[in-house]
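Fold and geometry: a report
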Amino acid sequence: MYNLVVFASGNGSTLQAIIDNIENGTLSANIQLVVSDNPNAYALERAKAHGISTYVIKSKTFEGRDTELSEFLSNYSIDLIVLAGYLKMIGPNLISKYTLINTHPSLLPKYGGKGMHGMHVHQAVITAGEPISGVTVHFVNSEYDKGSIIRQTQVTVDPTDTPETLSAKVQSAEKIQLVNVINDFIHGKIS
Ligand code: GAR
């Protein structure tokens, strides 16, 4: 079985899409663990509701998180770590040990980097008058949103879009793209 670990900081609708696609047979994978830096993340409730183990990171520093996670995750067999709305930087121990991918709600390299997450991205895209936005799945490296790009999907920004309506369009494209990319990892089409 292909073993995933999912990191999430908030609502966890992206995690939910992965869970749903495992349960409906689209993804032949198993989520070993859901990790969060936020004890109140709704993503943790979603995991528990599906019988998935959860882990809340205790360390409050970048180095501490990297050491703690590297030790804790050594108890698991992991093929791929998926960052699904996880907002902390990943440290060098994890980067050297695991394959990590992130999904980001814009067409990187545009609208990436520190502070560019969730609704902040959609607000910036609308303020700039962009006609097109989208989603990017990329490998994780030591800089925010800078790892090599695996796949992108475009979404049209309509003149009437608000950050909320754009977010809804981007997130529905995002879930489809992410599930497809994970499926390609499972079938050895990406490595
Ligand atoms: C997703 O749209 C994801 O791309 C974004 O946060 C949202 C999480 O939603 N991630 C980033 O902005 C990372 N820079 P969710 O908690 O409902 O899955």
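Here the structure is a predicted model, which means the values were calculated and not measured.

1. A short note on the site of the ligand
- As a structural note, the neighbourhood of the ligand is formed by 14 residues, with G12, S13, T14, G118 and E174 the closest of them.
- Here an oxygen atom of the ligand and a side-chain polar atom of Q171 are 3.1 Å apart.
- Protein burial of the ligand: of its 450 Å² of free accessible surface, 91% is covered by the chains.
- Among the residues making up the shell around the ligand, the classes are represented as two nonpolar, 11 polar and one charged.

2. Things to note about the packing of helix α1 (residues 13-23) against helix α2 (residues 42-49)
- For the pair α1 and α2, the least separation of the axes is 9 Å and the interaxial angle reads 20°. Judged on the interaxial angle alone, α2 and α1 are roughly parallel. In this structure, the crossing between α1 and α2 has a hand that is right-handed. For the pair formed by α1 and α2, the contact residues are S13, L15, Q16 and I19 on the first element and A43, R46 and A47 on the second.
- A per-class count over the contact of α1 with α2 returns four nonpolar, two polar and one charged.

3. Considering the pattern of salt bridges
- Under the defined criterion, the tally for this structure stands at seven salt bridges.
- One salt bridge in this structure joins D158 and K169, with 3.0 Å as the shortest N-O distance. Highlighted residues: D158 in the loop between β7 (149-156) and α6 (163-186) and K169 in helix α6, separated in sequence by 11 residues.
- On the basis of relative accessibility, which here comes to 35%, the residue D158 falls in the partly exposed class.
- Residue class for K169 comes out partly exposed when judged on its relative accessible area of 25%.
- One connected set of salt bridges, linked through shared partners, spans D158, D161 and K169.

4. Overview of the nonpolar core
- The biggest cluster of nonpolar side chains holds 29 residues, and the ones touching the most others in it are L4, I18, I31, V82, I101 and I182.
- Taken together, the elements giving at least two residues each to this core come down to β1 (2-7), α1, β2 (29-36), α2, β4 (80-83) and α6.
- For this core, the element with the most residues is α6, which contributes six residues.
- If sequence neighbours within four positions are ignored, I182 has contacts with L4, I18, L27, V82 and I101.

5. Description of the packing of α1 against α6
- For the pair α1 and α6, interaxial distance at closest approach is 10 Å and the crossing angle is 50°. On the basis of their axis angle, the class for α1 and α6 is oblique. Judged by the twist between their axes, the crossing of α1 over α6 is right-handed. Residues S13, T14, A17, I18 and N21 of α1 form the contact with α6, whose participating residues are Q171, E174, K175, L178, V179 and I182.

About the cut-offs
Residues numbered from 1 in each chain as written. Predicted model: local features only at pLDDT ≥ 70, side-chain atom pairs only at ≥ 80, totals over all residues. Heavy atoms only, no water. Near = heavy atom within 4 Å. Polar contact = N/O pair within 3.5 Å; in protein donor to acceptor, adjacent residues only side chain to side chain. Areas by Shrake-Rupley, 256 points an atom, 1.4 Å probe, with all protein chains shown as cover. Nonpolar A, V, L, I, M, F, W, Y, C, P; charged D, E, K, R; others polar. Axes fitted to C-alpha atoms, helices over the stretch in contact; angles between N-to-C directions. Helix = DSSP H or I, 4+ residues; strand = E, 2+ residues; numbered from the N terminus. Parallel < 35°, antiparallel > 145°, perpendicular 65-115°, else oblique. Left-handed = near helix turned anticlockwise from the far one by under 90°. Contact = heavy atoms within 4.5 Å. Salt bridge = Lys/Arg side-chain N within 4 Å of Asp/Glu carboxyl O. Buried < 20%, exposed > 50% of the residue type's maximum accessible area, 1.4 Å probe, protein only. Core = buried A, V, L, I, M, F, W, Y, C linked by side-chain atoms within 4.5 Å.

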